[in-house]
Amino acid sequence: MKLPFHIIELLKRESANDLRLPSDCETLSLDIESKTGIHIGATTLKRLLGFAVDERTPHTTTLDAIARYLGYAHWHELSQIEDKGNSDFNNVEGEVRSADLSIGKCVEITYLPDRKVTFRYLGDNHYNVEESENSKLQVGDEVEITSFILYHPLFVMQVWREGKNLGQFTAGRVSGLSSVKVI
């Protein structure tokens, strides 16, 4: 379960942390524990902030701890606050969705330490790797990607190389994508 956008924004404000990188969850975990006395692991926070894809529902005690951290008595009270106009069908700033691209468009990404990959959209969430610098993806690979999100890891659902399915691939696992642009 990923927390609603407006609650993530409250966490950013309370922690004075942009929460742009998975590693920011370590700092947030320490801050929550210092202010509430309740430990929430960084891995759990990564799931709740959307850095890791996991649809498991967190324990009520975890959600209550987040509510207490934000100044609410319990999760039920926090979950009742309104999203003050931030609803947007889960569009994320810095996100490029495959469904929004036309065939032939290129997406260029970079990630640490010095990786750069350019993908050409083929349709139906499929891309051809056009350029690859210092990446395990190779020119000519066909990949399946639903979206590219700035500061989040890139999840490639399938990689095909010379007709062979190599399985899933994750890029920018630690610090996420440094840049995402349609060219």
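Before reading further, recall that the structure is shown in the block above.
Residues numbered from 1 in each chain as written. Predicted model: local features only at pLDDT ≥ 70, side-chain atom pairs only at ≥ 80, totals over all residues. Heavy atoms only, no water.

> Run through the overall build of the chain, naming residues and quoting values.
For the chain, the count of helices and strands is five helices and nine strands. Reading the secondary structure of the chain in the N-to-C direction produces α-α-α-α-α-β-β-β-β-β-β-β-β-β. Principal-axis analysis of the C-alpha atoms gives the chain an extent of 55 × 30 × 25 Å. Looking at the chain as a whole, 40% of its 183 residues qualify as buried. Of the roughly 10400 Å² of accessible surface on the chain, a fraction of 48% belongs to carbon and sulfur atoms. Within the chain, the 27 negative side-chain charges are centred at a point lying 3 Å from the centre of the 20 positive side-chain charges. (Helix = DSSP H or I, 4+ residues; strand = E, 2+ residues; numbered from the N terminus. Buried < 20%, exposed > 50% of the residue type's maximum accessible area, 1.4 Å probe, protein only. Areas by Shrake-Rupley, 256 points an atom, 1.4 Å probe, with all protein chains shown as cover. Lys, Arg positive; Asp, Glu negative; His and termini not counted. Charge placed at Lys NZ, Arg CZ, Asp CG, Glu CD.)

> An account of unusual backbone geometry is needed here, citing residue identities and associated values.
Here Leu-112 and Pro-113 are connected by a cis peptide whose omega angle stands at 5°. Residue placement: Pro-113 occurs in the loop between strand S2 (106-111) and strand S3 (115-123). We note that Asn-134 has phi near 60°; this positive angle belongs to a residue other than glycine.

> Requested: an account of the pairing of S3, with residues and values cited.
Judged from the six bridges that link them, S2 and S3 form a sheet pairing that is antiparallel. Within S3, the position partnered with Glu-108 by the bridge is Thr-118. Here S2 hands over to S3 after three residues, the two strands then running antiparallel side by side. As paired strands, S3 and strand S4 (residues 126-133) are joined by seven bridges and run antiparallel to one another. Its bridge partner lying in S4, Lys-116 is registered against Glu-133. What sits between the antiparallel neighbours S3 and S4 is a turn of two residues, in which Asp-124 has the positive phi angle 55°. (Pairing = 2+ DSSP bridges.)

> Which residues make up the pattern of salt bridges, and what are the values?
A full pass over the atoms with the stated rule returns nine salt bridges. A salt bridge links Lys-35 to Glu-14; the nearest nitrogen and oxygen atoms lie 3.5 Å apart. Taken together, the residues span a long stretch of sequence, with Lys-35 in helix H2 (residues 24-36) and Glu-14 in helix H1 (residues 5-15) at a distance of 21 residues. You can call Lys-35 partly exposed: its relative accessible area is 46%. Using a relative accessible area of 34% as the deciding quantity, one classes Glu-14 as partly exposed. Between Glu-95 and Arg-97 there is a salt bridge, with its nearest N and O atoms 3.4 Å apart. By relative accessible area, which is 21% here, Glu-95 ends up partly exposed. The partly exposed category is assigned to Arg-97, whose relative accessible area is 26%. Taken together, the shared-partner salt bridges connect Glu-14, Asp-31 and Lys-35 into one network. (Salt bridge = Lys/Arg side-chain N within 4 Å of Asp/Glu carboxyl O.)

> Break down the nonpolar core for me, citing the residues and quoting the values.
Counting 23 residues, the largest nonpolar core has Leu-3, Leu-11, Leu-28, Leu-49, Ile-66, Leu-70 and Leu-78 as its most contacted members. Mapped by element, the contributors of at least two residues to this core are H1, H2, helix H3 (42-49), helix H4 (60-69) and helix H5 (75-79). Take this core: its biggest share by element is five residues, from H4. Excluding residues that lie within four positions of it along the chain, Leu-11 makes contacts with Leu-3, Leu-19, Leu-49, Ile-66, Tyr-69 and Leu-70. Core analysis: the second largest hydrophobic core is formed by 21 residues, Leu-101, Leu-137, Phe-148 and Val-156 among them. (Core = buried A, V, L, I, M, F, W, Y, C linked by side-chain atoms within 4.5 Å. Contact = heavy atoms within 4.5 Å.)

> Mind laying out the pairing of strand S8 (residues 164-171), listing which residues take part and the relevant values?
Consecutive side chains along a regular strand alternate between the two faces of the sheet. The pairing of strand S7 (residues 154-161) with S8 spans six bridges and is antiparallel. Counterpart to Arg-161 in the pairing with S8 is Lys-164. Counted along the chain from S7 to the antiparallel partner S8, the turn is two residues long, and its residue Glu-162 has a positive phi close to 50°.

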